[in-house]
Amino acid sequence: MDNQKPLSTHWADITADKIIRERGDKDVLVCASGITPSGTVHIGNFREIISVELVVRALRDRGRRVRFIYSWDDYDVFRKVPQNMPDQERLATYLRKPITLVPDVLGDEESYAAHNEKALEAVLPLVGIEPEYIYQAASYRSSRYADGMKAALDHREDIRRQLNAHRTSALPEDWWPLSVFCTRCDRDTTRILGRDGDWGVRYECESCGNAETLDLRRTGAAKLPWRIDWPIRWSVEGVDFEPAGKDHHSEGGSFDTARLTAREVFGQEPPVTFQYDFVRIKGGSGKISSSTGEVVSLADVLRYYQPELVRFLFAGTRPNSEFAISFDLDVLKNYEDYDKIERTYFNKPENPKKLKKWEKDARVYELSQVHGVPAAVPYQIQIRHLTTLLQIHSGDVDAVIAYLGDVPEADLDRFRVRARCAWNWVKDFAPEDFRFALRRDDEEPAALSAPLAAAVRELGRLAADRLGDGPEKEFGNAMYELMHEHGLESAEFFPAVYQALIGKDKGPRLVNFLHVLGRTTVVRLLRVY
Ligand SMILES: [Zn+2]
C-alpha cells in the first residue's frame, strides 16, 4: 500500500523515499531536529527545522505515520554571556551552570533558555510547523538517559578511541564520557574521580570543593557531552532522519563520531541525514543585519514575508546550497515569483513537454502551503500595486480592501497578512524613491513655475472631465497631447505632476498612478494650481 514511487523530484520527496527505503519497515518514522537555546534562534537555525518539516510533509503525503521531535538542548552549559544581552554582570555569575538555570533578563520567563524556547515555539505554528518538543534538562533530570550514561561509561575506551581518531591531540588520561553539574554550586567545574559499581560516579568540584558519589539512576546532575548525547538520543527516540549543518557534517565532525558511537556502543543504526548550508541576509541595512551581531529571527522575517512565502523560499532551494533572504527590492521579486507559481499551479499544461517543469513548480507550491492547497486559485494582488495602494491609503488595510471591493471573504485573512507585510516593508526597507505620501490638504502645495502650473492645472481639468472613463492608454494619450500643447517634454512635466501630487520628483508610473488615485483625489490635489 506504500507508494514507493517518487511524487516528484523535489529534494524533500527524494529524502522521504530514501528514508522509506532504509527504514520503511517501521510503523512510525521519527524525524528529529534540535538546538541549544543559548540565544535567539535565528533564520539560519530555522533552515534545519523547515528542512525536517518539508521531509515530514513528504513522508505524510506518502501515507506514512511520522513523529516530528524537536529537542531543546537546555541542559547545555552557559559558556559565554552574549554581547547583546543586558545585565552582563549578573549573567556572568551564572557561567558554567546549565542554561536552564540562567535567569531571563529579557522578559519574565522562568529562565533565559525558556525565553528563547517560547519565542520560537510561539511563531512556528504560523508557518505550519508543530513538532513535539523535548526538553533535555527535564530528560536528564528525570534520569531518562541513565542506561545510556551507564553504557557510555562501560564503553569509555571505545568512545575515547572513536573521538581520538578525529582529534589532533588525544583526550587526557582522566577523561570520562560524562560531565557533572556540582549539586552544591550547579557548575560543571567538576572532575570525575572514578566509578563506584555499575551506577555510581564519584566527582569533586573545583569551584566549591564539594565531593560526593552520584547514582546515575537517581541523579539529575550528570549529562553526556554533545558527541555522545546525540547518538544516545537517536537510540532512545529511534531517530530515522535528522539533517545537520556544515559544522556538524565536516570530516570528523560530530555527525561522523556520533555515527560510530551509535553503531558500536548503542547498537543503533544512525539516521538518514543531509547537510544544509547557511542562510545569508541581504538588504535591510540598519534594522536587520546579521553582520552587526544582531540576529534575524523567524519572527523578523514574518514581518515582511507572509508564511507561504517563507516556506516557498526554503522549499524552493536545495538545502545544500547557500542562499540569501532579502529585505531589499528582491522582496517584491520573491512575491512575484510566488504568485507566478501559484497561477501556474491552477493552470496545468496539456503539453507533456511543459508538464515536467509544471510538476516541479507545483510541488514547491504544495510544500509552501501552511494548511493544504486551496481549492481554487486564491485572490492575487500584485505586490507592487499593493504597496502603491497602501501608500495612497496611509497603510490603512481596510481602506485598501474597500477600494478594491473584490477581495473574496475566504481570502481576506491571507490578504490582510500580505498587506501587513507589504506595509512593514514600505515603512522599513523600501528605497527612498519608492516611497510617497499624498499631499494633505493642510500642506503647502509644491511651488511650480507659471508654465508648469498652467499645464498641471489643465491636467486637473482633464482628470475632472474623463479620468477613469476609458482605458488607461486613452487617458495617457490625452495627457501627452496636453503636455505637448503646452510645449513641454515629459522630463519637466512629469516631475511637476509628481510634485503636485506627492511633493517628490518621481513616483509610481504616472498614468497608472492617476487611475489608481481616482478622479476625486487627483482633482483635489491639482485644483490648487
Ligand atoms: Zn560546586
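Novice: Now, about the sheet that holds strand 7 (residues 211–215): what can you tell me, with residues and values included?
Specialist: The sheet built from 3 strands is open, its strands ordered 5-6-7 with antiparallel pairing. Every interior strand has two partners, whereas the edge strands, strand 5 (190–196) and strand 7, have only one. For this sheet, the mean inter-axis angle between neighbouring strands, taken without regard to orientation, is 25 degrees. Bridge count for strand 6 (residues 200–205) against strand 7 is 5 bridges, and the pairing is antiparallel.

Novice: Mind laying out the nonpolar core, listing which residues take part and the relevant values?
Specialist: Most often, soluble globular proteins have nonpolar side chains that are buried together. Residues I43, F46, Y305, F415, F493 and L501 are the most contacted members of the largest nonpolar core, which totals 115 residues. Tallying contributions element by element places helix 2 (residues 43–61) first for this core, with 10 residues.

Novice: Requested: an account of helix 8 (residues 226–237), with residues and values cited.
Specialist: Side chains of residues three or four places apart in an α-helix project in the same direction, reflecting 3.6 residues per turn. Here helix 8 is 12 residues long and its end C-alpha atoms lie 16 Å apart, about the 16 Å a rise of 1.5 Å per residue gives. Regarding helix 8, the residues found buried are I228, D229, W230, P231, I232, R233, W234 and E237. One or two steps after helix 8, the chain reaches G238, where phi turns positive at roughly 65 degrees.

Novice: Can you tell me about the environment of D441, naming the residues and giving the values?
Specialist: Turning to its location among the elements, D441 is positioned in the loop between helix 17 (412–428) and helix 18 (450–466). Between the C-alpha atoms of D441 and M483, which are 42 residues apart in sequence, the distance is 26 Å.

Novice: Any chance you could break down the sheet that holds strand 3 (residues 132–135) for me, citing the residues and the numbers?
Specialist: Judged by pairing direction, the sheet is parallel, and its 3 strands sit side by side in the order 1-2-3 without closing on themselves. Lying at the two open borders of the sheet, with one neighbouring strand each, are strand 1 (28–35) and strand 3. On average, adjacent strands in this sheet sit at an angle of 30 degrees to one another, irrespective of strand direction. Alignment of strand 2 (residues 65–72) against strand 3, held across 4 bridges, turns out to be parallel. Note on strand 3: the bridge partner recorded for I69 is E132. Lying on the sheet, helix 4 (residues 112–123) is in contact with strand 2 and strand 3; it crosses strand 2 at an angle near 145 degrees.

Novice: Describe empty space enclosed by the protein, and please don't skip the residues or the numbers.
Specialist: If you walk through the whole model with that rule in mind, you get 3 cavities of 30 Å³ or more. Computed from the structure, the largest cavity encloses a volume of approximately 120 Å³. Around the largest cavity, the lining is made up of 13 residues, and of these Y379, Q380, R414, F415 and R418 lie nearest the centre. Every element with two or more residues in the lining of the largest cavity is listed here: helix 13 (330–345) and helix 17. Among the residues forming the lining of the largest cavity, the class breakdown is 6 nonpolar, 2 polar and 5 charged. Its volume calculated, the second largest cavity comes out at about 40 Å³. Lining the second largest cavity are A32, S33, I69, S71, R233, W234, V239 and E242. Taken together, the elements giving at least two residues each to the lining of the second largest cavity come down to strand 1, strand 2 and helix 8.

Novice: With reference to specific residues and values, describe the coordination of the zinc ion.
Specialist: Distances from the zinc ion to its protein donors, C182 (SG), C185 (SG), C205 (SG) and C208 (SG), fall within 2.3 to 2.4 Å. Around the zinc ion, the 4 donor atoms sit at angles spanning 100 to 121 degrees, and that spread fits a shape best called tetrahedral. A relative accessible area of 1% means that C182 is categorised as buried.

Novice: Let's hear about the pairing of strand 2: which residues, and what values?
Specialist: The element strand 2 is extensively covered by neighbouring structure, given that 6 of its 8 residues are classed as buried. When strand 1 meets strand 2, the two strands line up parallel, connected through 8 bridges. Bridging across to strand 2, V28 finds its partner in R65. Regarding topology, helix 2 serves as the crossover connection from strand 1 to the parallel strand 2, and that connection is right-handed.

Novice: Give a description of the layout of surface pockets that names residues and reports values.
Specialist: Looking at the second largest pocket, its volume works out to about 490 Å³. T9, H10, K360, D361 and V364 are, among the 19 residues lining the second largest pocket, the residues nearest its centre. Those elements that provide at least two residues to the lining of the second largest pocket are helix 12 (307–315) and helix 14 (352–368). The dominant element in the lining of the second largest pocket, judged by the number of residues it contributes, is helix 14, at 6 residues. Its residues placed into classes, the lining of the second largest pocket shows 8 nonpolar, 5 polar and 6 charged.

Novice: Go over unusual backbone geometry with me, naming the residues and quoting the values.
Specialist: Notably, D87 is not glycine yet its phi reads approximately 55 degrees, a positive angle. Under the relative-accessibility criterion, D87 is labelled partly exposed at 42%. Look at S143: it is not a glycine, yet its phi comes out positive at around 60 degrees. Structurally, S143 can be placed in the loop between helix 5 (136–141) and helix 6 (146–154). What makes S143 buried here is its relative accessible area of 14%.

Novice: Describe in detail the pairing of strand 6, supporting the description with residues and values.
Specialist: Strand direction decides the pairing type here: strand 5 and strand 6, joined by 6 bridges, are antiparallel. Residue pairing in the sheet places T190 in a bridge with C205 of strand 6. The antiparallel pairing of strand 5 with strand 6 creates a hairpin that spans 3 residues between the two strands, and G197 there sits at a positive phi of about 75 degrees. Connecting the antiparallel pair strand 6 and strand 7 is a turn made up of 5 residues, with G209 showing a positive phi of about 80 degrees.

Novice: Which residues make up the environment of F494, and what values go with them?
Specialist: Mapped onto the elements of the fold, F494 is located in helix 20 (residues 490–502). You can call F494 buried: its relative accessible area is 17%. When the C-alpha atoms of F494 and L452 are compared, they prove to be 9.9 Å apart, with 42 residues separating the residues in sequence. Those residues in contact with F494 that sit more than four places away from it in its chain are M479, Y480, M483 and L510.

Rules used in this analysis
- Residues numbered from 1 in each chain as written.
- Predicted model: local features only at pLDDT ≥ 70, side-chain atom pairs only at ≥ 80, totals over all residues.
- Heavy atoms only, no water.
- Pairing = 2+ DSSP bridges.
- Helix = DSSP H or I, 4+ residues; strand = E, 2+ residues; numbered from the N terminus.
- Axes fitted to C-alpha atoms, helices over the stretch in contact; angles between N-to-C directions.
- Core = buried A, V, L, I, M, F, W, Y, C linked by side-chain atoms within 4.5 Å.
- Buried < 20%, exposed > 50% of the residue type's maximum accessible area, 1.4 Å probe, protein only.
- Expected span 1.5 Å × (residues − 1).
- Contact = heavy atoms within 4.5 Å.
- 1 Å grid on protein atoms, 1.4 Å probe; cavity = no way out; pocket = protein on both sides within 12 Å on 5 of 7 lines; lining within 4 Å.
- Points joined across faces, edges and corners; volume = space filled by probe spheres on them.
- Nonpolar A, V, L, I, M, F, W, Y, C, P; charged D, E, K, R; others polar.
- Donors = N, O, S within 2.8 Å, 3.2 Å for Na, K, Ca; no water.
- Tetrahedral: all angles 85-135°; square planar, octahedral: opposite > 155°, others 65-115°.
- Right-handed = clockwise from strand over helix to strand, strands pointing away.

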